[in-house]
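Here is how the chains run, residue by residue.
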Amino acid sequence: MQPMIELHPRAEALSGLGLPAIPYPVALPAFQAAVANDGSLPLADMLHGLQLRAADGNANHQRLEPAMARLAELLAAADAADVGSVARDHWWLEFGPVDLDGAIITVQRGASLLAAIAPRSDGRLRVATYRPLDARAAGMLLALATGNGWQRALDAAAGVGEHFGGGVEGATHIAYWEAGIGIGPDGSVLPEWREQRTRALRNAAHVVAELDTCHAFGLHATR
């Protein structure tokens, strides 16, 4: 991986795009191109850098989320407002609401619900996404987006096969809620998780932009 350099775009350039004035880590070639182009910003590289930075278990990912969400919006295909499913050469996912009151696998970080996945009849996955995806979260979804992703997700949540557990403190991981989100194994209610059932879904086209960026730059879930 190339070393990352913090890009500090001009305030007017960021304001014109609706981006917050924060440093944007990018690889050296992207940094050099941005300087040479004098104002043309490498949006995909900027999202890639933030995905990597946000994936660190010690990162303040919530501070980075507004910039990540806006970059994904800027990168999303203009004609993809009503994304149902997306097929790429190496992955396939369906997007839409899922039942958080039934058996569900979540992609979560700390007390934040990032995404939830449910099985289709063919074993492939339906995904509902609620917050911007860091590199680890996006890598997990891509890793499970082939073949019978549901069975592999169940195995991974149980610590069998692919490992997407919370081995890194504070990092994104997956969890299995057999009785619905916020219901513990003993039937106890966890209010901080139950209340997240009402979170609004993100625009699927924006999520696809995040996954495409992750795949293009070769990011993978940390196992």
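The structure under discussion appears in the preceding block.
My aim in this report is to walk through the structure given alongside it, one point at a time. Because the structure is a prediction, the values reported are computed rather than measured.

Observations regarding empty space enclosed by the protein
Inference 1: A full pass over the atoms with the stated rule returns one cavity of 30 Å³ or more.
Inference 2: Its volume calculated, the largest cavity comes out at about 40 Å³.
Inference 3: In terms of lining residues, the largest cavity is bounded by Ala54, His61, Glu65, Met68, Arg109, Leu114, Pro132 and Asp134.
Inference 4: Sorting elements by how many residues they give to the lining of the largest cavity places helix 4 (residues 61-75) first, with three residues.
Inference 5: Looking at the lining of the largest cavity residue by residue, the class counts come to four nonpolar, one polar and three charged.

Describing the environment of Ala138
Inference 1: Relative to the helices and strands, Ala138 is located in helix 5 (residues 135-143).
Inference 2: On the basis of relative accessibility, which here comes to 0%, the residue Ala138 falls in the buried class.
Inference 3: With 34 residues separating them along the chain, Ala138 and Thr172 place their C-alpha atoms 10.0 Å apart.
Inference 4: Ala138 has contacts with Leu133, Leu211 and Cys214, leaving out every residue within four places of it along the chain.

Looking at the pairing of strand 5 (residues 104-109)
Inference 1: In terms of burial, strand 5 is a largely internal element, six of the six residues being buried.
Inference 2: Judged by which residues are buried, strand 5 turns out to be covered on both faces: Ile104, Thr106 and Gln108 on one side and Ile105, Val107 and Arg109 on the other are all buried.
Inference 3: As defined by bridge partners, strand 5 adjoins strand 8 (residues 173-177) across five bridges and the pair is classed as antiparallel. Residue Thr106 lies in a different strand from strand 8, and its bridge partner there is Ala175.

Regarding helix 8 (residues 204-216)
Inference 1: End to end, helix 8 covers 18 Å across 13 residues, agreeing with the expected 18 Å (1.5 Å per residue, within 8%).
Inference 2: Counted residue by residue, helix 8 has 10 buried out of 13 residues, so it is predominantly covered.
Inference 3: Where helix 8 is buried, its residues contact helix 3 (43-55), helix 4, strand 3 (85-87), strand 4 (92-95), strand 7 (125-129) and helix 5.
Inference 4: N-capping of helix 8 is provided by Asn203, with a side-chain oxygen placed 2.8 Å from the backbone N of Ala205.
Inference 5: Looking at the residues trailing helix 8, positive phi occurs at Gly218, about 70°.

Points about the sheet that holds strand 5
Inference 1: With respect to topology, six strands assemble into an open sheet ordered 3-4-7-6-5-8, the strand pairing being mixed. Looking at the sheet topology across the chains shown, the edges are occupied by strand 3 and strand 8. Pairwise comparison of adjacent strand axes, ignoring direction, gives a mean angle of 30° for this sheet.
Inference 2: Pairing of strand 5 with strand 6 (residues 112-119), which is carried by five bridges, proceeds in the antiparallel orientation. For Thr106, the partnering residue across the bridge sits in strand 6 and is Ala116.
Inference 3: Relative to strand 4, helix 8 is tilted by about 155°, and along the sheet it contacts strand 3, strand 4 and strand 7.

Conventions used here
Residues numbered from 1 in each chain as written. Predicted model: local features only at pLDDT ≥ 70, side-chain atom pairs only at ≥ 80, totals over all residues. Heavy atoms only, no water. 1 Å grid on protein atoms, 1.4 Å probe; cavity = no way out; pocket = protein on both sides within 12 Å on 5 of 7 lines; lining within 4 Å. Points joined across faces, edges and corners; volume = space filled by probe spheres on them. Helix = DSSP H or I, 4+ residues; strand = E, 2+ residues; numbered from the N terminus. Nonpolar A, V, L, I, M, F, W, Y, C, P; charged D, E, K, R; others polar. Buried < 20%, exposed > 50% of the residue type's maximum accessible area, 1.4 Å probe, protein only. Contact = heavy atoms within 4.5 Å. Pairing = 2+ DSSP bridges. Expected span 1.5 Å × (residues − 1). Polar contact = N/O pair within 3.5 Å; in protein donor to acceptor, adjacent residues only side chain to side chain. Axes fitted to C-alpha atoms, helices over the stretch in contact; angles between N-to-C directions.

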